[in-house]
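Chain by chain, the residues:
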Amino acid sequence: MLMPAGTVHPLYSALLGVTLLCGCATTQTPIYAPLDTNYSVSVKQTFEDLPNGTYIDFQQGQRILPGNLDRWSTYCRLFVYNHARGADYSTSVLPGTFTISEVKIGYQSSDYPNNPIFGRISWGVRDVPSFYLYQVGMRLDSPDQPEVRSLICYKKWATPRANEYPTLAQIRTALGNQIVVNLPPTAN
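Report follows, based on the coordinates. (Residues numbered from 1 in each chain as written. Predicted model: local features only at pLDDT ≥ 70, side-chain atom pairs only at ≥ 80, totals over all residues. Heavy atoms only, no water.)

1. Concerning the environment of Val 103
Part 1 of the argument: Mapping Val 103 onto the fold places it in strand S7 (residues 96–109).
Part 2 of the argument: Among the residues examined, Val 103 registers a relative accessible area of 22% and is labelled partly exposed.
Part 3 of the argument: The sequence separation of Val 103 and Ile 152 amounts to 49 residues, and the corresponding C-alpha distance is 9.5 Å.
Part 4 of the argument: Discounting chain neighbours no more than four positions away, the residues touching Val 103 are Ala 33, Leu 35, Asp 36, Thr 37, Val 136, Gly 137 and Met 138. (Helix = DSSP H or I, 4+ residues; strand = E, 2+ residues; numbered from the N terminus. Buried < 20%, exposed > 50% of the residue type's maximum accessible area, 1.4 Å probe, protein only. Contact = heavy atoms within 4.5 Å.)

2. Observations concerning the pairing of strand S3 (residues 54–59)
Part 1 of the argument: Most of S3 sits out of view: five of its six residues are buried.
Part 2 of the argument: Examined bridge by bridge, S3 and strand S5 (residues 75–80) share five bridges and lie antiparallel to one another. Of the residues in S5, the one forming a bridge with Phe 58 is Cys 76.
Part 3 of the argument: In textbook terms, the turn of a hairpin is the stretch between consecutive antiparallel strands, and for S3 and strand S4 (residues 62–64) this stretch comprises two residues, one of which, Gln 60, has a positive phi near 50°. (Pairing = 2+ DSSP bridges.)

3. Section: the pattern of salt bridges
Part 1 of the argument: All told, the structure shown has four salt bridges when counted by the stated rule.
Part 2 of the argument: With a shortest N-O distance of 3.2 Å, Arg 139 and Glu 102 are connected by a salt bridge. Placement of Arg 139 in strand S10 (residues 132–141) and of Glu 102 in strand S7 is noted, with a sequence separation of 37 residues between them.
Part 3 of the argument: Relative accessible area serves as the criterion here: at 27%, Glu 102 is assigned to the partly exposed category. (Salt bridge = Lys/Arg side-chain N within 4 Å of Asp/Glu carboxyl O.)

4. Things to note about the layout of surface pockets
Part 1 of the argument: Here the largest pocket is characterised by a volume of approximately 320 Å³.
Part 2 of the argument: Lining the largest pocket are 19 residues, with Met 138, Arg 139, Arg 149, Ser 150 and Ile 152 sitting closest to its centre.
Part 3 of the argument: Listing elements by their share of the lining of the largest pocket, those giving two or more residues are S7, S10 and strand S11 (148–157).
Part 4 of the argument: For the lining of the largest pocket, the leading source of residues is S10, giving seven residues. (1 Å grid on protein atoms, 1.4 Å probe; cavity = no way out; pocket = protein on both sides within 12 Å on 5 of 7 lines; lining within 4 Å. Points joined across faces, edges and corners; volume = space filled by probe spheres on them.)

5. Comments concerning the sheet that holds S7
Part 1 of the argument: In spatial order, the strands read S4-S3-S5-S11-S10-S7-S1-S12; together these eight strands make up an open sheet with antiparallel pairing. Each having just a single partner strand, S4 and strand S12 (179–182) make up the two edges of the open sheet. Adjacent strand axes in the sheet meet at a mean angle of 30°, parallel and antiparallel pairs treated alike.
Part 2 of the argument: Pairing of S3 with S4, which is carried by three bridges, proceeds in the antiparallel orientation. Paired with Asp 57 across the bridge in S4 is Ile 64.
Part 3 of the argument: Helix H2 (residues 168–175) rests against S3, S4, S5, S11 and S12 of the sheet, and its axis sits at about 155° to S12. (Axes fitted to C-alpha atoms, helices over the stretch in contact; angles between N-to-C directions.)

6. A short note on unusual backbone geometry
Part 1 of the argument: Phi angles above zero are rare outside glycine, and Asp 49 is one such case at about 55°.
Part 2 of the argument: Within the secondary structure, Asp 49 is located in strand S2 (residues 47–51).
Part 3 of the argument: Of note in the backbone geometry, Gln 60 takes a positive phi value of approximately 50° without being a glycine.
Part 4 of the argument: Relative to the helices and strands, Gln 60 is located in the loop between S3 and S4.

Right under this line is the structure:
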C-alpha cells in the first residue's frame, strides 16, 4: 500500500517508539554505594557519657552538637545503642576499628501526605517533595564494642537524582580525623 509523501506508516512509528523506550531503559546508570564490606571504620577519639540510643553527629570534620547540623551539607551519624539496657544506661565509644558487615543506600523524601513538619510544595497540578535525603548506611561490628551499631551518612538535595548519594570523599570530609574510613587491604 502506498502512503502519501511525508507520512510514516503506523507500524514504523510504533517500532520507533518501542526502540526509543528500550534504549532509554537500558542506558540508566547503576547506583552503587561508595564503599562495601571490604572497608573498615576506625574511631580515633573517645566519646564519653553517652545516653543509650545516642547519635553522634559529624560534619566538616567536627563533632556537631544536637540541633546544630547544616542539613544541606553532607553529615554522618554514629549510632550507639545497647538493646539489653534501658534509657538510663550511659556508655562510651573508645578508639578502635570496626568491620562493616553491611552497606545500604537509600533515600527519604519530604513527600509524606499531611506531614506538618516537612510540608509539600505545590507546583501546578501535582505536589512534589521539597527535598530528598540520600543516605549511605554502614552496619558496624566489633566484639569489643557491640554497642556501636552503625554509621550513616546523609546528603540532602532539592530534586530527585540518581547519583546524589554521599561519595567516599564527602563522607571522609564530614568525619575528619575523628573517624576514618579505611580502604580495603590490597591483594598481593
